[in-house]
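Structural characterization, general
One letter stands for each residue in the lines below.
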Amino acid sequence: MTVVPLVDDLLERAAGAARFIVAIAGPPGAGKSTLSDALAEALVAVGEKAAVLPMDGFHMDNAVLEQKGLLARKGAPETFDLRSFLATIAAVRANDGEVLVPVFDRSRELAIASARVVAADTRIILAEGNYLLLDEAPWTKLDGAFDFSIFINPGIEELERRLLKRWRDHGYDEEAARRKALGNDIPNAHRVVGHQRPADLVLADF
């Protein structure tokens, strides 16, 4: 899929806006990061100022999840620091200076603080994450936070294939990969697909 038509659409929608925030949501393995990075690259290529804001940077640390008894559920909605994410979105919306945001290092399974800069002159922000459109409290606090929203859903069968490959590629054996994908990621995917607020644009795949 080419992103050119989507880039053209975003530029038209963002015309005249000092800052334009796009939500790119969908279940685990849907291709949110791939689409976000491709859009950012394409926008920059045409002279636009754009940056990706990944929700994954707001994972709670493993030590905190262990204290809460949630380590096995890492990646579920309740394992994110939503308050900090809301504050970051508000800071980005305020557009009164650069905003430092965390980034998740999947190889080490931890978030790195202040690892990416949303510069003051960045006009289009591509926020991406599983639960940006989740129709469950407290995630409903994000309702109205975005100027445009995209939801990607390639279907559960394809998600299973991708997620199993993801965990194998990270060095997990077959049993551990299946446990990670089918025991946690896929239930989260069902939760996302089954409880989402309406998106402005729905894509079957990317």
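Residues numbered from 1 in each chain as written. Predicted model: local features only at pLDDT ≥ 70, side-chain atom pairs only at ≥ 80, totals over all residues. Heavy atoms only, no water.

- In the nomenclature of an unreviewed UniProt entry, the protein chain is known as Pantothenate kinase of Ensifer adhaerens.

1. Some details on the layout of surface pockets
- In this model, the largest pocket occupies a volume close to 840 Å³.
- Forming the boundary of the largest pocket are 36 residues, of which Asp 56, His 59, Phe 104, Arg 106 and Arg 166 lie nearest the centre.
- At the level of secondary structure, the elements contributing two or more residues to the lining of the largest pocket comprise α2 (32-45), β2 (50-54), β3 (99-105), β5 (124-129), α5 (156-169) and α6 (174-194).
- Tallying contributions element by element places α6 first for the lining of the largest pocket, with six residues.
- Taken together, the residues that form the lining of the largest pocket break down as 11 nonpolar, 12 polar and 13 charged. (1 Å grid on protein atoms, 1.4 Å probe; cavity = no way out; pocket = protein on both sides within 12 Å on 5 of 7 lines; lining within 4 Å. Points joined across faces, edges and corners; volume = space filled by probe spheres on them. Helix = DSSP H or I, 4+ residues; strand = E, 2+ residues; numbered from the N terminus. Nonpolar A, V, L, I, M, F, W, Y, C, P; charged D, E, K, R; others polar.)

2. A few points about the pairing of β3
- Among the seven residues that make up β3, six are buried, leaving the element largely enclosed by the rest of the structure.
- Strand direction decides the pairing type here: β3 and strand β4 (residues 110-118), joined by six bridges, are antiparallel. Residue Val 101 lies in a different strand from β4, and its bridge partner there is Arg 116.
- The antiparallel hairpin formed by β3 and β4 contains four residues in its connecting segment, where Glu 109 sits at a positive phi of about 60 degrees. (Buried < 20%, exposed > 50% of the residue type's maximum accessible area, 1.4 Å probe, protein only. Pairing = 2+ DSSP bridges.)

3. Concerning the sheet that holds β2
- Here we have five strands laid out as an open sheet, ordered β2-β5-β1-β6-β7, and parallel in their pairing. At either end of the open sheet lies a strand with only one pairing partner, and these are β2 and β7 (201-203). Averaged over all neighbouring strand pairs, the angle between strand axes comes to 20 degrees, with direction disregarded.
- Running over the sheet, α2 touches β1 (20-25), β2, β5, β6 (148-152) and β7 and is turned about 170 degrees from β5.
- Relative to the sheet, helix α4 (residues 82-94) contacts β1, β2 and β5, its axis offset from that of β2 by approximately 165 degrees. (Axes fitted to C-alpha atoms, helices over the stretch in contact; angles between N-to-C directions. Contact = heavy atoms within 4.5 Å.)

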